[in-house]
Amino acid sequence: MSTSFSCRPHCAACCIAPSISSPIPGMPDGKPAGVPCIQLDEDLGCKIFGDASRPAVCAGLQASSDMCGDNKEQAMFYLTQLEAATAPH
């Protein structure tokens, strides 16, 4: 069972691995999978966290042990697999 917890510092896997189809400030066409979001700061934190301009998909994504794994590499793998499984064919 998945348990929610706080994001891992300096990870940002959820801001890199998945595609985002809705506009992001600085990325009006969204972002492709595997591309870091333009809103990541130098510490890999979200510059628009809590801001109304943050895409709903970002606000709705919650860190969990299943998604985040034990390290950034596991999180990237999980999210890359999820992206591939949910991509339009």
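Scroll up to find the structure this text is about.
What counts, and where the lines are drawn
- Along every chain, residues carry numbers that run from 1 in the direction the sequence is written.
- Only residues with pLDDT of at least 70 get local features here, since the model is predicted, and only at 80 or more are side-chain atom pairs given and counted; chain-wide, interface and lining totals rely on the full set of residues.
- Side-chain measures were taken over the full set of non-hydrogen atoms in the model, leaving aside hydrogen atoms and water.
- Here a cavity means grid points, on a 1 Å grid over the protein atoms only, where a 1.4 Å probe fits yet cannot get out; a pocket means an open set of points with protein on both sides within 12 Å along at least five of seven lines; lining residues are those with an atom within 4 Å of a point.
- Grid points are joined across faces, edges and corners, and a volume is the space filled by probe spheres set on the points.
- Side-chain classes follow a simple rule in which Ala, Val, Leu, Ile, Met, Phe, Trp, Tyr, Cys and Pro form the nonpolar group, Asp, Glu, Lys and Arg form the charged group, and the remainder, Gly included, forms the polar group.
- Only DSSP runs of H or I reaching four residues or more are called helices, and only runs of E reaching two or more are called strands; each is numbered from the N terminus.
- Burial classes: relative accessible area under 20% of the type maximum marks a residue as buried, over 50% as exposed, and values in between as partly exposed (1.4 Å probe, protein chains only).

Q: Is there a simple way to think about empty space enclosed by the protein in this case?
A: Over the atoms rolls a probe the size of a water molecule, and in doing so it shows where empty space is left. Tallied over the entire structure, the rule returns one cavity of 30 Å³ or more. Each pocket or cavity is described by its volume, and for the largest cavity that value is around 70 Å³. C15, I24, C37, Q39, C46, I48, R54, P55 and C58 are the residues that line the largest cavity. By residue class, the composition of the lining of the largest cavity is seven nonpolar, one polar and one charged.

Q: Is there a simple way to think about unusual backbone geometry in this case?
A: What is expected of a backbone is that most residues other than glycine have negative phi and most peptide bonds are trans. Although it is not a glycine, A12 sits at a positive phi angle of roughly 60 degrees. Looking at the secondary structure, you find A12 in the segment before α1 (56-60). The phi dihedral of L44 falls on the positive side, at around 65 degrees, and the residue is not glycine. One can find L44 in the segment before α1. Overall, L44 belongs to the partly exposed group, its relative accessible area being 31%.

That is the geometry; function is a separate question.
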